[in-house]
Amino acid sequence: MTADITALDLEGAGAALAAESARFASLGWMRGTSGNLSVVLSRDPLRLAVTASGHDKGELTSADVVLVDGQGAAVHGGKPSAEAELHARVAALTGAGAVVHVHTVASVAMGSRQPGGIVFKDLEMLKGVGQPAHDTEVTLPVILNSQDMKVLGDRLEAARDPRMPAVVVAGHGLYAWGADLRQARHHTEVVEWLLELELTRR
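The rules we used
Residues numbered from 1 in each chain as written. Predicted model: local features only at pLDDT ≥ 70, side-chain atom pairs only at ≥ 80, totals over all residues. Heavy atoms only, no water. Buried < 20%, exposed > 50% of the residue type's maximum accessible area, 1.4 Å probe, protein only. Helix = DSSP H or I, 4+ residues; strand = E, 2+ residues; numbered from the N terminus. Pairing = 2+ DSSP bridges. Contact = heavy atoms within 4.5 Å. Axes fitted to C-alpha atoms, helices over the stretch in contact; angles between N-to-C directions. Parallel < 35°, antiparallel > 145°, perpendicular 65-115°, else oblique. Left-handed = near helix turned anticlockwise from the far one by under 90°. Arc of directions from axis to C-beta. Salt bridge = Lys/Arg side-chain N within 4 Å of Asp/Glu carboxyl O.

1. Observations regarding the pairing of strand β10 (residues 173-178)
Now for step 1: Of all six residues that make up β10, six are buried, and the element is covered over most of its length.
Now for step 2: Sheet topology note: the strand β5 (residues 98-102)/β10 ladder contains five bridges and is antiparallel. If you follow A98 over to β10, its bridge partner there is G178.
Now for step 3: Pairing analysis gives four bridges linking strand β9 (residues 166-169) to β10, with the strands arranged antiparallel. Bridging across to β10, V169 finds its partner in G173.

Given below as structure tokens:
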């Protein structure tokens, strides 16, 4: 733990992450132990609370959380998600206060069908990611997967569009982020809706 982050802070973050995980699991977006979430607890130095590795995401408790540093390494708690380093990279790169990673059928399917990026335009739902509903074309980036989080983070940084708070990792799933956990959830839900729409259109 650090001087600025207490056990109570971490427990509160764990409870919030557990609630969000249960929500996503109920939608079928975090089946079994798949997926992970994080919330920023400190900016300087960067510290995030990340869901613990290997736990059923529909059954998390406030204790199933790990405090990690800006490289995704555990500072306090057990074993963080293997993708904690990417969560930290997204938080540092975008200024996000929370990051959500879900494994949805639509994100994997559309990532395979449109590996160059998924284009959305003239849809009211785009307002949910802060874009005009009409006369605007926004691309959701798709990046190749890697088990090396440094490589994956470099790909995300190179491909990301500041107008779209999300990216699809091909063959893997969706990452979305926001100023806080609630906004990250909303962005995840909106982008997933857009992906499902494109999937049904095809």
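2. Considering the sheet that holds strand β3 (residues 65-68)
Now for step 1: Sheet architecture is open: eight strands sit in the order β4-β3-β2-β1-β5-β10-β9-β8, paired in mixed fashion. Sheet topology places β4 (74-76) and β8 (142-143) at the edges, where each strand pairs with a single neighbour.
Now for step 2: Sheet contacts for helix α2 (residues 84-94): β1 (36-43), β2 (46-51), β3, β5 and β10; angle to β2, the most-contacted strand, approximately 135 degrees.

3. Details of the packing of α2 against helix α4 (residues 149-159)
A packed helix pair is summarised by two numbers, namely the angle formed by the two axes and the spacing between the axes.
Now for step 1: Here α2 crosses α4 at 30 degrees, and the two axes come no closer than 9 Å. With respect to α4, the axis of α2 lies roughly parallel. Our pair here, α2 against α4, has a crossing hand that is right-handed. The segment α2 lies against α4, with E85, L86, R89, V90 and L93 engaging M149, K150, L152, G153, D154, L156 and E157.

4. Remarks on helix α3 (residues 105-113)
Now for step 1: Buried residues of α3: A106, S107, M110 and G111, and no others. Along the axis of α3, the buried positions cluster into a sector of 125 degrees, meaning they face one direction only. Exposed residues on α3 whose side chains face more than 90 degrees from its buried face are V105 and S112.
Now for step 2: Turning to α3, the residues buried within the fold contact β6 (118-121), β8, β9, β10 and α5 (181-201).

5. Here we look at unusual backbone geometry
Now for step 1: The omega torsion across D44 and P45 is 5 degrees, close enough to zero to call that bond cis.
Now for step 2: Relative to the helices and strands, P45 resides in the loop between β1 and β2.
Now for step 3: Positive phi outside glycine occurs at D122, with the angle close to 55 degrees.
Now for step 4: Mapped onto the elements, D122 comes out in the loop between β6 and β7 (137-140).
Now for step 5: The phi angle at D135 is positive, at roughly 60 degrees, despite the residue not being glycine.

6. Notes on the pattern of salt bridges
Now for step 1: This model, assessed by the stated rule, comprises nine salt bridges.
Now for step 2: E20 is the partner of R185 in a salt bridge, and the nearest nitrogen-oxygen pair spans 2.9 Å. On the criterion of sequence distance, the pair formed by R185 in helix α5 and E20 in helix α1 (residues 7-26) is long-range, its members being 165 residues apart. Each of the two residues, R185 as well as E20, counts as buried.
Now for step 3: A salt bridge links R201 to E198, with the nearest nitrogen and oxygen atoms 2.9 Å apart. Taken together, the positions of R201 and E198, both in helix α5 and three residues apart, correspond to about one turn of that helix.
Now for step 4: If you follow the salt bridges from partner to partner, you end up with R89, K150, D154 and E157 in one network.

Function-wise, these values are silent; they only describe arrangement.
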